[in-house]
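Observations on the three-dimensional arrangement
The residues making up each chain are set out below.
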Amino acid sequence: MAVESISADWEFDRFDDGSQKIHTEVQLKNYGKFLEDYTSQLKAIEEALDDSIGDVWDFTLDPIALKLLPYEQSSLLELIKTENKVLNKVITVYAALCSEVKKLKYEAETKFYNGLLYYGEGVSDTSVVEGECQVQMGRFVSFLQELSCFVTRCFEVVVNVVYQLAALYNSNKGATKIIESSGVHFQTVYEHLGELLVVLITLDEIMENHATFRDHWKMYKRLLKSVHHNPSKFGIPEEKLKPFEKLLLKLEGQLLDSMIFQACVEQRFDYPGEGVSVSKNGAFAEEFAHNIRTIFANVESKLGEPAEIDQRDKYAGVCGLFVLHFHIFRTVDKRLYKSLLDVCKKVPAVTLTANIIWFPDTFLINKVPAAAKLVDKKSVQTIRSSRDVFLQQKAQTLTKDVQSYYVFVTSWMMKMEAILSKEQRTDKLSDDLSNRCNVFVQGILYAYSISTIIKTTMNMHMSMQRPMTKTSVKALCRLMELLKAIEHTFHRRSLVVADSVSHITQQLQSQALSSISTAKKRVISDKKYSEQRLDVLSALVLAENTLNGPSTRERRLVVSLALSVGTQMKTFKDEELLPLQLVLKKLDLISELRERVKVQCDCSFLYWHHSFMYDYMFSALRDSVPSMLYAKHMESCEQLLDSYDKEIMGVFTEHLLDKLCKEIEKDLRLSVHTHLKLDDRNPFKVGMKDLAHFFSLKPIRFFNRFIDIKAYVTHYLDKTFYNLTTVALHDWATYSEMRNLATQRYGLVMTEAHLPSQTLEQGLDVLEIMRNIHVFVSRYLYNLNNQIFIEKTSNNKHLNTINIRHIANSIRTHGTGIMNTTVNFTYQFLRKKFYIFSQFMYDEHIKSRLIKDIRFFRETKDQSDQKYPFERAEKFNRGIRKLGITPDGQSYLDQFRQLISQIGNAMGYVRMIRSGGLHCCSSAIRFVPDLEDIVNFEELVKEEGLSKETQRAASLLDCVLSDLTSNSAEGTEYFKMLVGVFAQEFRSVKNMHLRNFYMIVPPLTVNFVEHSINCKEKLNKKNKNGAAFTDDGFAMGVAYILKLLDQYQEFDSLHWFQAVREKYMKEMNAVVKEQNVQATNQDEKLMQTMNLTQKRLDIYLQEFELLYFSLSSARIFFRADKTAAEETQEKKDREDGGKADVASSEPAVSTEPSVK
């Protein structure tokens, strides 16, 4: 608007001085800064709200997962199509059997292994209820039935595979040949047969090592026997019981005796009616042995090498095949047997699954006894001792292995990042894909090697019960970290990996097709016709056709079987065959990349070792969860998961979180209290722990929770600092400093406590004092002038005090009704104390002395100027000590003095309650302008015609104002009530022994003064235990009891305090005279003694004077100027005075019964 109003002339004359440009740049710069800040804030919000809190998005949280495994939609019959019908059938049969084996193996690994392994887990030994074992086994029987069916199926498949192979390699000259099999070796089929045998071996090993399962089985059978004797009790029909018992016997015989594999190999393989001989088939026996040797040769060369990938599993399969060969044909290849045993020196054990470890030497010796005789005992012993040697060597080389693998894996991760980050160039696409393929394969190889080291070492230590050093445990944990790093690298780059895998498989298929095409041309060019050549050509065509499609498991299997036929008659040259085999192996690995990585990096075996792995490895423990879902012995697998979760979290909290919290708190305390010079904290001498790196970790996911170490420690410190500040508010500054230090040193965002640095002056609550009045009067001392109670002793740095303001605050909190209740409690307390008082006064020793003293005073009062002699009181005080003293050095008179002090304290408390009530009422009534003229609100509201609710509110307000006015005007005469309620009883004839009380007051005062001086002297000492500067409860108690007994005149007749004053003045004058005499002699020591004597006399006189003043003040409360007779007469006169006076005295009278 301003620019538009400028005239045209001015617009023409204006010049550009550059200021507008500068201003624009500044604004742009500010706007740019704002955008940067805003972007960073948005990013922070996004990270905070993101589901994937950890560094790597969790596998279980993937919203979209990439499944790279191709799925075959064509059946085997559709895949295997050539013009050669016979070959089609042969390949189809073997492919179907191999597929069946794979399915059985998968079912065993996921369902049956886990179900058996986790049996009995999740139930702590302490919480096992009687009969729980049998219940678990009862739930498990159906699972065993399924396992029995599974094993039966495996047996059938083994028989079928053997029978189908025997049919192909038939030495019977009369039988027709299916195809020319002289140069055909279906090695793949034998490998699959070996895998199935390993499944049975694994089941045997699990059963053999499962002591819990066998114990529970025995208990279950015992239970069945008791059920058998009385089936009606258990509600089971008897006709169902026998079949069930038979079923259990069958299950036990088939599964529990660890003879599953043995039963499989001892099956009958010859069927007379079928026409195909197995055991007598020489050609088949030779082919079987040839394949075992070939597989073993391939396996042995790779065992222990960096390129090893699944050779150990295949080795177990070869051992199974060797035993099967022996049981079918009853012949032993001694060289092969020795070679198999020699491998045990290099591979002492093979991990079959989880914590199940298998020793090949034991297996071969037990299962082939005929060959075992040929091996000398020394060789067997050497093999067994090699296990211990292996463990010893591993313990020494493990640290070096970790270092080397650390370098390998980190460099591999860098290669992965480098290869997958750079863009692919079209001109170098083939090389780039080859590089990626090699890097992926290398990752799997590293994972396999590391996994093998971890599993073998840990399981052998466990199986052989050898202890593991802390260094070894730490090294194994570092290896597990590397294993997880490989898995996370593949996972983190899964998008690029997925894209690469499809291209790599196509490239590998292209290479294989090229090689097959060359061989096919070579076969076609040879014009000699034969059935064998036709089979080869058909097999190569089949391999070609199958490779032209996705790289599924079924297609790769068909290719492998087809090439078993297609590689005979030297269709491939040696330099062509090896690259083809390598390409097909790579194709196997790359096609199942994700699955291979998952299997090799799976740390579920840690479940069986978590007793010592807790402290080191946490995230790897999650891998056990999927396998636990197959547990069948509990009502729900959730129970097992919950127990696992609780166990791990409990140990994790105990060994890491709680220790970390304590260490952080200790560090903060020592840092804040450096001025106290507690410990030597020089990091060069005592070392230094860097705990800050724990707080840079992002939350760890475990089950359905995130473990945030930073938040846990912050919460612990917040809670601790808050609670300790509430206990000792004077330490608020220290804890505030520790909070700031935690923020600076560890980056912890602490919550401000918002506690006051001071407290509201309420002190001890009236309710608490009322309930524990006996404790209160013994632990607190009363000050008459200031109306304050002070704590005698305390373990804290301060003494608690209670004054009128505290009481007023308490009354304001609880209401004025609490005042009468407090007086009632005091009355109950005084009753108990007066009973003890009466017993003391009735004691013969005390009573006789007092009567003697009264008689003495009456006889000698004329000579002693009506004054009770001080010496007599002092003599009484000392004489009482002869009657005995308590363990802490107190005489009976000391205890009697304490009793009177406690009674006085109770009266002082009643006085303070009354003062507090008046204080509270006056505070509340101060808002009323004129107490003499208070309007009636109810009448005013009625006049205005307001609602009933308003009228009720006005009525309540009038009641409140009336109560406050009456309370603030007069207050209740509690002392008068407490005198009236006891006086009659005290003055009765049956309590005549109490009349001697006035005579015990002088010795009591002497005792009190000695005690008071002793307490005051302790104030200046280092040990202040027992120190005090006031105890007016004694004076209050004496005044109260004298009033109850109406003995003020009797006590005054003793002129006790005048006698005390005269006595001390006389002694002081004597000391002054003596000082004047000695001043001329100039004897310094004697002068010092005189000065100390004079000072002591001064102190004693001063204490007696203070006691006299306190007693005189206390007597005023009880109207000491009037005797009981005079008070009675006054009351009578007041009653006769008129109704108005009577009405004014009613409140005091009306409350008296409530006290009683």
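Above this text is the structure in question.
Our subject in this report is the structure included herewith. Since we're looking at a predicted model, the values are computed, not measured.

1. Concerning the side chain of T1030
Position of T1030 relative to the elements: it lies in the loop between α40 (997-1018) and α41 (1033-1045). The exposure class assigned to T1030 is buried, which follows from its relative accessible area of 9%. Within the structure, the side chain of T1030 is placed 3.3 Å from the backbone oxygen of Y782, a separation counted as a polar contact. Side chain to side chain, T1030 and N783 meet in a polar contact 3.2 Å long. In this structure T1030 touches L781, Y782, N783 and I790, once residues within four positions along its chain are discounted.

2. Examining the pairing of strand β6 (residues 788-791)
Residues of β6 alternate between two faces, with I788 and I790 on one and F789 and E791 on the opposite face, all of them buried. Of the pairings in the sheet, the one linking strand β5 (residues 780-783) to β6 comprises four bridges and is antiparallel in character. Within the sheet, the bridge partner assigned to Y782 lies in β6 and is F789. Counting the residues between successive antiparallel strands, the hairpin from β5 to β6 contains four residues, one of them, Q787, with a positive phi of roughly 50 degrees. The pairing of β6 with strand β7 (residues 801-803) spans three bridges and is antiparallel. Counted as the bridge partner of I788 is N803 from β7.

3. Thoughts on the sheet that holds β6
An order of β5-β6-β7 is seen for the three strands of this open sheet, with the pairing classed as antiparallel. Only two strands of the sheet have a single neighbouring strand rather than two, namely β5 and β7. Each strand axis lies, on average, 20 degrees off the axis of its neighbour in the sheet, ignoring direction. On the sheet, helix α36 (residues 892-925) packs against β5, β6 and β7 and is oriented at approximately 130 degrees with respect to β6.

4. Here we look at the nonpolar core
Of all hydrophobic cores here, the largest spans 218 residues; its most connected members are L144 and F186. Considering every element that reaches this core, the biggest residue donor is helix α5 (residues 132-168), with 20 residues. Those residues in contact with F186 that lie beyond four places of it in its chain are V90, I91, Y94, L168, Y169, E287, N291, L561, S564 and V565. Formed by 94 residues, the second largest nonpolar core is a distinct cluster that contains Y780, V823, Y1040 and A1114.

5. Section: the pattern of salt bridges
According to the stated counting rule, one finds 40 salt bridges in the structure shown. Note that E146 is salt-bridged to K111, the shortest N-O span being 2.3 Å. Pair noted here: E146 is in helix α5 and K111 is in helix α4 (residues 85-117), with a separation of 35 residues, a long-range link. Residue E146 is classed as partly exposed on the basis of its relative accessible area, which comes to 35%. A salt bridge links E1103 to K1016, with the shortest nitrogen-to-oxygen separation between them at 2.6 Å. Residue E1103 is found in helix α44 (residues 1084-1117), and its partner K1016 is found in helix α40; the two are separated by 87 residues along the sequence. Each of the salt bridges in this network shares a partner with another, and the network as a whole consists of R553, R556, D588, E592 and R596.

Here is what the cut-offs are and how they apply
- Along each chain, numbering runs from 1 in the same order as the chain's sequence is written.
- Note on the predicted model: pLDDT of at least 70 is required for a residue's local features to be given, and 80 or more for side-chain atom pairs to be given and counted; whole-chain, interface and lining totals, by contrast, use all residues.
- Computation of side-chain values covers all heavy atoms of the structure but excludes hydrogens and water.
- Numbering goes from the N terminus for both helices and strands, where a helix is a DSSP run of H or I of at least four residues and a strand is a run of E of at least two.
- Partly exposed residues are those whose accessible area sits between 20% and 50% of the maximum for their type, while under 20% is buried and over 50% is exposed, using a 1.4 Å probe and protein chains only.
- Here a polar contact means two N or O atoms within 3.5 Å. Within protein one must be a hydrogen donor candidate and the other an acceptor candidate, and residues neighboring in sequence count only if both atoms are side-chain atoms.
- Whether two residues touch is decided by their heavy atoms; if any such pair falls within 4.5 Å, the residues are in contact.
- Any two strands are treated as partners once DSSP identifies two or more bridges connecting them.
- A fitted line through C-alpha atoms represents every axis, and for helices the fit uses only the stretch in contact; the resulting angles, taken between N-to-C directions, go from 0 to 180 degrees.
- For the purposes of this section, nonpolar cores are sets of buried Ala, Val, Leu, Ile, Met, Phe, Trp, Tyr and Cys residues that join through side-chain atoms within 4.5 Å.
- Salt bridges, as used here, are contacts in which a Lys or Arg side-chain nitrogen is within 4 Å of a carboxyl oxygen on Asp or Glu.

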